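# Notes for the structure review
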Number of protein chains: 2
Amino acid sequence: MGITIHDVARRAGVSISTVSRVLNDTTAVHEDKRRSVIEAAEALGYSPNPAARSLLGKKTGGIGVLLPHVGGEFFAELLNGLDEAAHASGHFLVISTSYRHRDEFNAAIRAMDRRVDGLIVMAPELDAEGVASILSSGNAVSFINTLVEEGSADVLNFDNFGGALALTQHLLGLGHRRIALIKGPSGAWDAQERVRGYRAAMAEEGIEDTASLEFEGEYTSIAGYDATGAILEAVPQPTAIIAANDDCAAGVLSALSEAGVSVPHAVAVAGFDGIPSTQYTLPPLTTVRVPIGEIGYRAVSRLAARIEDQEGEVATQYETVPVELVVRKSTVAALPDSADLGAASTG
Amino acid sequence: MGITIHDVARRAGVSISTVSRVLNDTTAVHEDKRRSVIEAAEALGYSPNPAARSLLGKKTGGIGVLLPHVGGEFFAELLNGLDEAAHASGHFLVISTSYRHRDEFNAAIRAMDRRVDGLIVMAPELDAEGVASILSSGNAVSFINTLVEEGSADVLNFDNFGGALALTQHLLGLGHRRIALIKGPSGAWDAQERVRGYRAAMAEEGIEDTASLEFEGEYTSIAGYDATGAILEAVPQPTAIIAANDDCAAGVLSALSEAGVSVPHAVAVAGFDGIPSTQYTLPPLTTVRVPIGEIGYRAVSRLAARIEDQEGEVATQYETVPVELVVRKSTVAALPDSADLGAASTG
DNA sequence: TGTCATTTTGAAAACGTTTTCAAAACTATT
DNA sequence: AATAGTTTTGAAAACGTTTTCAAAATGACA
C-alpha cells in the first residue's frame, strides 16, 4: 500500500537504519548518504507510519479532550483556545463530548487509551472518586473547571465563587434586595460555587435565608425560560434575576419580554460566562466574563509541557483564574420598592 | 508497562492466538478455554493496543474533521451533530480547525494520515485543485458546504443560493428596494452562492445593478459593525441590510443601535444560519435556518457507512440540504420612501 | 483398533518503525 | 605499515497484535 521506510532505503541505496537515523536526526551519517535519503524520502512522499511509531512506545501526538455536552458559544470559544494551543505545540485534538456519569467518562477514557499522550478534562459534575479513576488511568491530565484536590493534578478553574459574589454585590449595591437566583445543574461543582458566592454576598447584607429566592435550573435558555415563569409568580416578586449562565439568561429575557415585564426597569437580569452574544441581547446583558479561550489555550500548553517533560518531576499547578464583572444595561438601580415603602411608612 | 495479550494468554493457560480468537470472535474455541480467556482478560483489565492493531491494516476508529476557523454557536451545533453520530457509530473525532489555504489543508491531512479512517471536510474556501488533492489522499471523505464536483465524493451542502434568494424575495415582498448586502469572505464558495441568490432575486425585480448595494464583509460581528458604518453613509440610504451571517448581523444591530437608527422601522436587518441567539437579539432576527447539527450528524453517518463498506462500490451522494426562512421582528414593510415619493411627484 | 474427516490449537510470520549491537570503514598516531 | 581509536553502517531484535499454516486432538465410521 503505502510507502514504507524500506522503499526509501532501497531507493537511496542504504539500510533502513540509516533512513531512520537521517529522518529522526539521531546519529551522524555521511553527508552524501544523508542527501540521498532526504531526496528519496521527498521523491516518494514518505511519511512514517504513526502506528508503528507509537507501537514502540513513542508519543502519538494526540491530546484527548473530554467535555460535557457541548452547546453554544462557550464551547466554541473553549475549543478555539484548545485547538490553537494544540496547533502551536504540534498536537492534534481527539474530542469526546456528552459525558456526565462516571462510567461514561471511564468508557471514553478507555477509548482514548494509548491513542493520546494526555487528557484535557472538563467535568464539573464529576466527584472525587471519578477524578481519582481518571488519574489512575496513567495519563497526563489537565483539568478545567473541575473539583480536584489540590496537588493531585494540573487544574485550571475559573473563579465561579468570586464571580457570583461580585455579581450579587453589584446588584445589592444597586439597591436590589430580592435577588432571585436560577441555579445550574445540582450535581455540578461550578454551579454550586456560584450558589455559594451568591449566598455569601446576600449574607453580607444580612439576608441569610435565600431559599425562597433560589430556583432550579440548567445551563440552557429553556431552563431560564421555565424558571422565569416560577419567579414571576413569587410574592413578593424579585427585582433582579441572576441566571445560571448567559444561555439561561437569554431564556429569562425572552420570558420577561413575552410577559411584558420591562428589563431592566421592572426587573434587572444578569448572566454568567460573558459569551459574545450578550452584547447583542435586549438589553445588553450584565454578566461575568470568563476568559475561557485563554483557559483552554493554557490548559493544552501546560499539558503539552508535561507530556514533553520525560521525568515527570514538575510540580502540579492549581490555579483559579480570575473573572471579570461586565456591567451592561440589563442591570440598573432598583425602583423604590413598594414593600420597603410600606415598611417605611408604617415605621 | 501495559497488559498485553501475552499476559492474558499466560493467565488463561492458552496461546496468544487463542486469546485473539476469543476476543475477536473469529473462530470457534472450546467453551472452557473461551471462559478462562474472558475471565483472564477481565481480571487483568486487558484491552488491545490500538497501535498494534492498526499496524496490521485494521481500522483506527478515528474520523478526522477539518474545519475553517469557526466561532460561535454555528460551530458548537455542528460539532454536536458530528460527535453524536461518531458516538453512535463507535468512532472518535480528531479535530483540526483554522484552515484556509490549500497547503494548510494538506499539512493537516498529512497529520491525520493513517490515524483516521475517514475525513469530514468543511472548506468553503477550497478550490477544485485543493479538493482534488484531498481526494487523492486516499481517504474516505465527506464534504460539507464545499464546492465539489458532483460524483467525485460524498457531499452535503446546504442551499446557500436558495436561502439568500428566499430572504431577498422576502424583503422585496415587504416593499424594500434598496437592500444592502454585506458579503462574506470573497474566496468562500458559500458566500458567493449567497451573493448569487441575492442578485437573482434583485434581478427578478428588475434591479440588475447591485454594485452600489454590496459591501465587503466577513462572518464576524466586527465585520458587520464596520460595514454598517459604510452603509449608513450611502446615498440614498438602503432600507434593509442582509448580513453575511447571524454573527455579522449582530454587529449590524449593534452599530445601528449606536447610531440611533431604529430597527426594523428605519432599517430592516436579516442574518443567515439561524443560530439560537438570533431569538434573543433586539429585535429578534429574521434569518435563514440551516440544520447544521443534522448535517453534521448525517455527514458522519454516511462516512461511517462508507468506511464499513469494504468494497467501496457504493455510489457517492451529492445532496443540497434545504434551508428555511425564519421571519422575525427585524424585518417589516418598508416605509413610504422619500426618494420614491419624489419620483412620483415629478411624474 | 485403525483410518479419515473435522475441529481446535499453537508456532511463526507479518505489519513498519526505532534502537541496540557489533562489524566495517575510516582517521590518526606511531 | 600496523595499531588504536573513532565514526559510520547494517543486521536483527523489539513493540503487540492478527492471521496463516500446519500440527494435534477429537470424533465418526468401518
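Residues numbered from 1 in each chain as written. Chains lettered and ligands numbered in written order. Predicted model: local features only at pLDDT ≥ 70, side-chain atom pairs only at ≥ 80, totals over all residues. Heavy atoms only, no water.

### With respect to the protein's contact with DNA strand C
I5, S20 and K58 of chain A together with T18 and R21 of chain B are the nearest of the 28 residues found near DNA strand C. Between DNA strand C and the protein, one listed contact pairs a phosphate oxygen with a side-chain N or O atom of K58 of chain A at 2.3 Å. Interatomic distance of 3.0 Å between a backbone N/O atom of H30 of chain B and a phosphate oxygen of DNA strand C. Elements supplying a minimum of two residues to the surface near DNA strand C: α1 (5–12), α2 (16–24) and α4 (50–55) of chain A together with α2 (16–24) of chain B. Here the residues of the surface near DNA strand C are counted per class, giving twelve nonpolar, eleven polar and five charged. (Near = heavy atom within 4 Å. Polar contact = N/O pair within 3.5 Å; in protein donor to acceptor, adjacent residues only side chain to side chain. Helix = DSSP H or I, 4+ residues; strand = E, 2+ residues; numbered from the N terminus. Nonpolar A, V, L, I, M, F, W, Y, C, P; charged D, E, K, R; others polar.)

### Comments concerning the relation of the copies chain A and chain B
Laying chain A over chain B is done by rotating through 180 degrees and shifting 0.1 Å along the axis; what remains is an RMSD of 0.1 Å. Both chain copies can therefore be described as sitting about a two-fold axis. Here 100% of the contact residues of chain A are again contact residues in chain B; the copies associate through an equivalent surface. (Least-squares fit on C-alpha atoms with pLDDT ≥ 70 in both. Contact = heavy atoms within 4.5 Å.)

### Topic: helix α11 (residues 246–259) of chain A
Residue and element names in this part refer to chain A. Its 14 residues place the ends of α11 20 Å apart at the C-alpha level, agreeing with the 20 Å of an ideal helix rising 1.5 Å per residue. Within α11, ten of the 14 residues are buried, leaving the element largely enclosed by the surrounding structure. Every buried residue belonging to α11 is among D246, C248, A249, A250, G251, V252, L253, S254, A255 and L256, and all of these are buried. Where α11 is buried, its residues touch β6 (179–182), α10 (221–233), β8 (240–242), β9 (268–270) and β10 (287–289). Sitting at the head of α11, N245 places a side-chain oxygen 3.3 Å from the backbone nitrogen of D247. Of the residues one or two after α11, G260 is the one with positive phi, at around 75 degrees. (Expected span 1.5 Å × (residues − 1). Buried < 20%, exposed > 50% of the residue type's maximum accessible area, 1.4 Å probe, protein only.)

### What about the protein's contact with DNA strand D?
Taken together, 29 residues are adjacent to DNA strand D, and T18 and R21 of chain A together with I5, S20 and K58 of chain B come closest. A share of 61% of the atoms of DNA strand D within 4 Å of the protein falls on sugar and phosphate groups. Between DNA strand D and the protein, one listed contact pairs a phosphate oxygen with a side-chain N or O atom of N24 of chain B at 3.1 Å. Contacts to DNA strand D include K58 of chain B, whose side-chain N or O atom sits 2.4 Å from a phosphate oxygen. At the level of secondary structure, the elements contributing two or more residues to the surface near DNA strand D comprise α2 of chain A together with α1 (5–12), α2 and α4 (50–55) of chain B.

### Regarding the nonpolar core
General note: in soluble globular proteins, nonpolar side chains tend to be found buried as a group. The biggest cluster of nonpolar side chains holds 93 residues, and the ones touching the most others in it are I120 of chain A together with I120 of chain B. Setting aside chain neighbours within four positions, we find I120 of chain B in contact with I63, G64, V65, L66, L82, S142, I144, A299, V300 and L303 of chain B. (Core = buried A, V, L, I, M, F, W, Y, C linked by side-chain atoms within 4.5 Å.)

### A look at unusual backbone geometry
All names here are of chain B. A cis amide bond links V235 to the next residue, P236, at an omega of -5 degrees. Along the chain, P236 turns up in the loop between α10 (221–233) and β8 (240–242). In the Ramachandran plot, R114 falls in the positive-phi region, its phi being about 65 degrees despite a non-glycine side chain. Residue position: R114 is located in the loop between α6 (102–112) and β3 (118–122). R114 sits in the partly exposed class, given a relative accessible area of 28%. In the Ramachandran plot, D273 falls in the positive-phi region, its phi being about 125 degrees despite a non-glycine side chain. Summarising the element assignment, D273 is placed in the loop between β9 (268–270) and β10 (287–289).

### A word on helix α11 (residues 246–259) of chain B
Burial in α11 of chain B covers these residues: D246, C248, A249, A250, G251, V252, L253, A255 and L256 of chain B. The secondary structure elements touched by the buried residues of α11 of chain B are β6 (179–182), α10, β8, β9 and β10 of chain B.

### Notes on empty space enclosed by the protein
For the coordinates displayed, the defined rule picks out four cavities of 30 Å³ or more. Taken as a whole, the largest cavity encloses approximately 250 Å³ of empty space. Taken together, 17 residues form the lining of the largest cavity, with S54 and R115 of chain A together with S54, T60 and R115 of chain B sitting closest to its centre. Every element with two or more residues in the lining of the largest cavity is listed here: α4 and β2 (92–96) of chain A together with α4 and β2 (92–96) of chain B. Of the residues assigned to the lining of the largest cavity, the class counts are eight nonpolar, four polar and five charged. (1 Å grid on protein atoms, 1.4 Å probe; cavity = no way out; pocket = protein on both sides within 12 Å on 5 of 7 lines; lining within 4 Å. Points joined across faces, edges and corners; volume = space filled by probe spheres on them.)

### With respect to the packing of α6 of chain B against helix α7 (residues 128–135) of chain B
Residues and elements named next belong to chain B. α7 packs onto α6 with a crossing angle of 10 degrees between their chain directions and a minimal axis gap of 10 Å. By the angle class used here, α6 and α7 are roughly parallel. Where α6 abuts α7, its residues R102, F105, N106 and I109 lie against E129, G130, S133 and I134. Partitioning the contact of α6 with α7 into residue classes produces three nonpolar, three polar and two charged. (Axes fitted to C-alpha atoms, helices over the stretch in contact; angles between N-to-C directions. Parallel < 35°, antiparallel > 145°, perpendicular 65-115°, else oblique.)

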